[in-house]
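Given next are the chains, with one letter for each unit.
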Amino acid sequence: MIREACAFANANIALVKYWGKCDDPLNLPAAPSLSFTLHQLGTYTRVRFDPAYDSNQLWINGVLQTGEATQRVFAHLSRLTERKPTDPCVHVYTRNALPTASGLASSASGFAALTLAATAAWFGPERTKEMPWISTQARQGSASAARSLLGGLVVLSEGQPGDNLSSRATQILAEDQWPDLQMVLGVLDEGPKPLSSTQAMNHTRQSSIYYDAFLRAARTDVAQAIDSIHHRDLEQLGDITECSALRMHAALWGAHPGIVYFRGVTLEALHAIRALRTQGHPAWFTCDAGPHPKVLTNRATAALVGETLQSIPSIRHVLFSSLGAAARLCTECP
Ligand code: PMV
């Protein structure tokens, strides 16, 4: 029997960063995180299990993949479907509306869309609504993917070692509840990151003098960020966002050897955003496991932030996003 389904998931940008695991096999985060689901910036994925196939294949943006990315995807599918060796092979077709593996959160949207499509194909669409189960499945593929299953502003709770259900995503605010909130992304001409986030997290946990301090701060930051969201307090949310990003990168710099994702242009963007703030414009910098600067702001300021980023040489283009919706099944993937 052929089993097939398509899904779309938006990427998300963490306002309070997740960095570090407390249980590697279960992929449980060592601290909570909080994210902004993007709008129409994400990944389409089609999964097809077919007895006629004689090998598993992964296609990303029309290119057949080999190596580490492929193994991670097929390991995720085997865990999710609990497949036996006699079960049919699978082909996965993925199209990213974001640069792949470059710190622009493509693994979050990628694993969220993959989890949704594979669940619908293998078990039927009803199973995709089983919330703790599907959230846990996505998190095991990539922790940030659990956040991409949901729309709006989302928290992923801290894991307890050995307890697979301990860490799951919950929505703090729906996407239509804060229409003024905006994210502006500066995209550099940059290929995939040299070190995967899992490798970099483990290295940070093992060797950074600032790792424990980062985890402690993340717990307080999430609690305060939730409070600012309930009060629609952009000033406080922005302040936490910028601090959390810099604390995560400080933990990375404090590893041995230190990991530096920033480029010169990333720092230039940080200073330009701070300069806007001194002129009274509400805008706060964030950055993930890559060099691309991202900025939390409001609708009235987004165009100015976009012009500011665009005027920095090496920023190739700028993307704008309001809060986006939850991941969904699609009748067809484009
Ligand atoms: O879910 P992963 O393994 O791709 O890690 C995501 C890590 C950051 O993007 C840097 C932070 C975050 O919370 O999204």
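A brief look at the structure comes next. Computed from a predicted model, the values in this text were never measured in an experiment.

About the criteria used
- Residues numbered from 1 in each chain as written.
- Predicted model: local features only at pLDDT ≥ 70, side-chain atom pairs only at ≥ 80, totals over all residues.
- Heavy atoms only, no water.
- Helix = DSSP H or I, 4+ residues; strand = E, 2+ residues; numbered from the N terminus.
- Buried < 20%, exposed > 50% of the residue type's maximum accessible area, 1.4 Å probe, protein only.
- Areas by Shrake-Rupley, 256 points an atom, 1.4 Å probe, with all protein chains shown as cover.
- 1 Å grid on protein atoms, 1.4 Å probe; cavity = no way out; pocket = protein on both sides within 12 Å on 5 of 7 lines; lining within 4 Å.
- Points joined across faces, edges and corners; volume = space filled by probe spheres on them.
- Nonpolar A, V, L, I, M, F, W, Y, C, P; charged D, E, K, R; others polar.
- Near = heavy atom within 4 Å.
- Polar contact = N/O pair within 3.5 Å; in protein donor to acceptor, adjacent residues only side chain to side chain.
- Phe/Tyr/Trp six-rings, centres within 6.5 Å; stacked < 30°, edge-to-face > 60°.
- Lys NZ or Arg CZ within 6 Å of the ring centre and 35° of its normal.

Moving on to the overall build of the protein chain. Of the regular secondary structure elements, the protein chain holds nine helices and 14 strands. Taking the principal axes of the C-alpha coordinates as reference, the protein chain spans close to 65 × 40 × 35 Å. Across the 334 residues of the protein chain, 58% fall into the buried class. As displayed, the protein chain has an accessible area near 13600 Å², and 53% of this comes from carbon and sulfur atoms.

Another aspect to go through is the layout of surface pockets. Of the pockets and cavities examined, the second largest pocket occupies roughly 160 Å³. Residue lining of the second largest pocket: L116, P125, T128, K129, M131, I134, L149, A327, R328 and L329, and that is the complete set. Counting residues per element, the ones that place at least two in the lining of the second largest pocket are α3 (131-141) and β14 (328-330). Within the lining of the second largest pocket, the residues separate by chemical class into seven nonpolar, one polar and two charged.

Here we take up unusual backbone geometry. P257 follows H256 through a cis peptide bond whose omega is -5°. Looking at where P257 falls in the secondary structure, it is placed in the loop between α7 (234-253) and α8 (264-278). Of note in this structure, N27 is not a glycine but carries a positive phi near 55°. Counting through the fold element by element, N27 comes out in the loop between β2 (21-23) and β3 (28-29). Overall, N27 belongs to the buried group, its relative accessible area being 8%. Positive phi, normally seen in glycine, also occurs at E82, with a value near 50°. Relative to the helices and strands, E82 is located in the loop between α1 (68-81) and β7 (89-96). Residue classification places E82 among the exposed positions, given a relative accessible area of 66%.

A separate point is the site of the ligand. Contacts to the ligand come from 14 residues, most closely from Y18, S107, S142, S144 and R147. At 3.1 Å from an oxygen atom of the ligand is found a side-chain nitrogen or oxygen belonging to S197. For the ligand, whose unbound accessible area comes to 380 Å², protein coverage reaches 93%. If you list the elements that add at least two residues to the shell around the ligand, you get α4 (143-148) and α5 (197-207). When residues of the shell around the ligand are assigned to their parent elements, the largest contribution, three residues, is made by α4.

Turning our attention to the packing of aromatic side chains. The final tally for this structure, using the stated rule, is five aromatic pairs. A ring pair is formed by F123 and W133, whose centres lie 5.6 Å apart and whose planes are at 90°; its orientation type is edge-to-face. In this pair, F123 is assigned in helix α2 (residues 106-123) and W133 in helix α3, connecting sequence segments ten residues apart. The exposure class of F123 is partly exposed, given its relative accessible area of 36%. Arranged with centres 6.3 Å apart and planes meeting at 75°, the rings of W253 and F262 form a pair that is edge-to-face. For W253, a relative accessible area of 47% puts it in the partly exposed group. Positioned above the aromatic ring of W122, the side-chain terminus of R3 is 4.1 Å from the ring centre. When the ring centre of F123 is taken as reference, the NZ or CZ atom of R127 above it lies at 4.5 Å.

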